[in-house]
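Here is how the chains run, residue by residue.
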Amino acid sequence: MRTMQIAQINHIRLMRYAGLFTYLSAGMPLLRYESLVTELLADQRPLWHLSAWVFCYVVFGIVFWLLLLKLGSRRYVPLKLVLLAVLVALAVAIGWYSQSGLSAMLLVVQSMLLPWLMPFRVALICMVVQNYVLVPVFASNPGWSIGDAVLQSSLYLGISALVFFTSLIAKQQGEARDEQRRLNSELRATRALLAESSRISERLRIARELHDLVGHHLTALSLNLEVASHLVQQPAQEHVRKAQSVAKLLLSDVREVVSQMREDDRIDLTQALNTLIEGVPQLDIRLELPPRFGVDDPHRAQVLLRCAQEIITNTVRHSGARTLWLQFEHADGEVVMHARDDGRGSDNLKPGNGLVGMRERLAQFGGRMDITTARDRGFSLDAWLPLETTA
C-alpha cells in the first residue's frame, strides 16, 4: 500500500520537495553562526560578509521557490530566464562571502531547473558555464591556484550533470505519460463515436426490418381480412372486422415506431467530446455544447471530432496556454466551432500538417476555417461545417 501511495505522488511535486530539501541542507553551516563570526574575526574579514551571506541565501531561496512553483508549466515567460540569472549571481555572491563550496552546491540545485525552463542544448550550455563561473571564486581562497579552482569546478560540474540529466529524464517521462493520457482520451472518444454510429446503424436496420417485413405482412393481413369481411356472414363477420381493426391498429403502431426510430438517428457527440477533454493534463478546457449536440452524418461527426482533437493537440504542444475555450453551436444549417486559448500566439503562423489536414477535412463537405493569432494574444480558430451537401 505504501509503495502504491509513493508511486501516485506527482513527479513535479517530488522534484520541488527534493530541490527545497537540498537548498535547506546547503544552509546548514549558518546554524554555526557564532563559530562563523569567530572564523571571520580570525581571518580578519569584516563581519558584514556574514550578513551578506545570510541575505543572499534567503533571497536565493525565495527566487528558487518562485521558479519551483512554475515547474512543469508549458508557458514561456522571459522572466524565468532573468530569475535564473539572479540565482547564479546570488550563488556566486554566497561563494565569495562564505569562501566555501556552498555556491557550487546551490548551483547543483539550480541545475535541476534548467531542463524545465529552456531547450535542452541551451540548458546544457548554461549548466557548464555557470559551474565554471565559480573558478574565480575558488581561486580567491588562500592557497588555491587556478588549476585547483578549475578542478574543483569540474568536480561540482559532474554532480550538476547527474542532477541535470535526472531532472531531464523526469521531465521527459512526465511528458510521455501526459501524451499517453491524451492519446488514450482520443482513443476512448473515437470508440464512443464508433459505438454511437453502431447504435444508429442498428436502429436504422431494425427500422427497415420492421417496415419491410412486419409492415408488409400486416398490410397483406389487413387486405385479406377486408376481403374476408365481405365473404362471411354474421356472427363471424363481426369477429373478422375486429381482427381487421386490430391489424390496422398494429400496422399504424409499427409505422409510428419506425418513424420515431428514424427521427432519432442523430449521432450524439456530447459523450465523445467530453471523453476527449478528460485526459488532457495541464490544460483547462472549457467546453460549451448545445443540448444533445449531434449530427446526422457519421462522416461529419468524425470530422468534428478530429478537428477538436487537432485543436487540443496543437494547444498542448505549441501554445503554452493555460486555458482553452471550445464552443460548438448550430447556425443556419451549419455546425460552427469556435476555439480560443490564452497562449503566446504568433505573428508568423506557418500551418503544419495538422491544420492543413483540418482545412482539407472541412473542405470535403463544403466547410471552411479561419485562424486569428498574434504574439502574446493567443490563438483563435473558427470553423464552419455544413450539415447538408450543397449542389
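The preceding data block contains the structure.
A brief report on the enclosed structure follows. In this text, all values refer to a predicted model and were calculated from it rather than measured experimentally. (Residues numbered from 1 in each chain as written. Predicted model: local features only at pLDDT ≥ 70, side-chain atom pairs only at ≥ 80, totals over all residues. Heavy atoms only, no water.)

## Quick word on the pattern of salt bridges
Point 1. Inspection of every chain in the model, using the stated rule, returns 2 salt bridges.
Point 2. A salt bridge links Asp284 to Arg286; the nearest nitrogen and oxygen atoms lie 3.1 Å apart.
Point 3. Taking relative accessible area as the criterion, Arg286 reaches 42% and is therefore assigned partly exposed.
Point 4. Residues Glu334 and Arg368 are paired through a salt bridge, measuring 3.4 Å at the closest nitrogen-oxygen approach. Of the two residues, Glu334 sits in strand 5 (residues 334-341) while Arg368 sits in strand 6 (residues 368-373), which places them 34 residues apart along the sequence.
Point 5. Judged by its relative accessible area of 17%, Glu334 is buried. (Salt bridge = Lys/Arg side-chain N within 4 Å of Asp/Glu carboxyl O. Buried < 20%, exposed > 50% of the residue type's maximum accessible area, 1.4 Å probe, protein only. Helix = DSSP H or I, 4+ residues; strand = E, 2+ residues; numbered from the N terminus.)

## Remarks on helix 2 (residues 11-26)
Point 1. Counted at 1.5 Å a residue, the expected span for helix 2 with its 16 residues is 22 Å, and the 23 Å between its end C-alpha atoms agrees.
Point 2. Of the residues making up helix 2, those classed as buried are His11, Ile12, Met15, Gly19, Tyr23 and Ala26. Across the axial projection of helix 2, the buried residues extend over an arc of 115°, all falling on one side. (Expected span 1.5 Å × (residues − 1). Arc of directions from axis to C-beta.)

## Quick look at the sheet that holds strand 5
Think of a sheet as strands paired side by side through backbone hydrogen bonds, with each pair either parallel or antiparallel.
Point 1. The 5 strands lie next to each other as 2-4-5-7-6, forming an open sheet whose pairing is mixed. Single-partner strands in this sheet number two, and they are strand 2 (284-288) and strand 6. Adjacent strand axes in the sheet meet at a mean angle of 10° when their direction is disregarded.
Point 2. Two strands pair when backbone bridges link them, and strand 2 and strand 4 (residues 323-331) are joined in this way by 5 bridges, in the parallel orientation. Pairing of Glu288 across the sheet is with Gln327, part of strand 4.
Point 3. Where helix 14 (residues 353-364) meets the sheet, it contacts strand 6 and strand 7 (379-386), and its direction lies at approximately 150° from that of strand 6. (Pairing = 2+ DSSP bridges. Axes fitted to C-alpha atoms, helices over the stretch in contact; angles between N-to-C directions. Contact = heavy atoms within 4.5 Å.)

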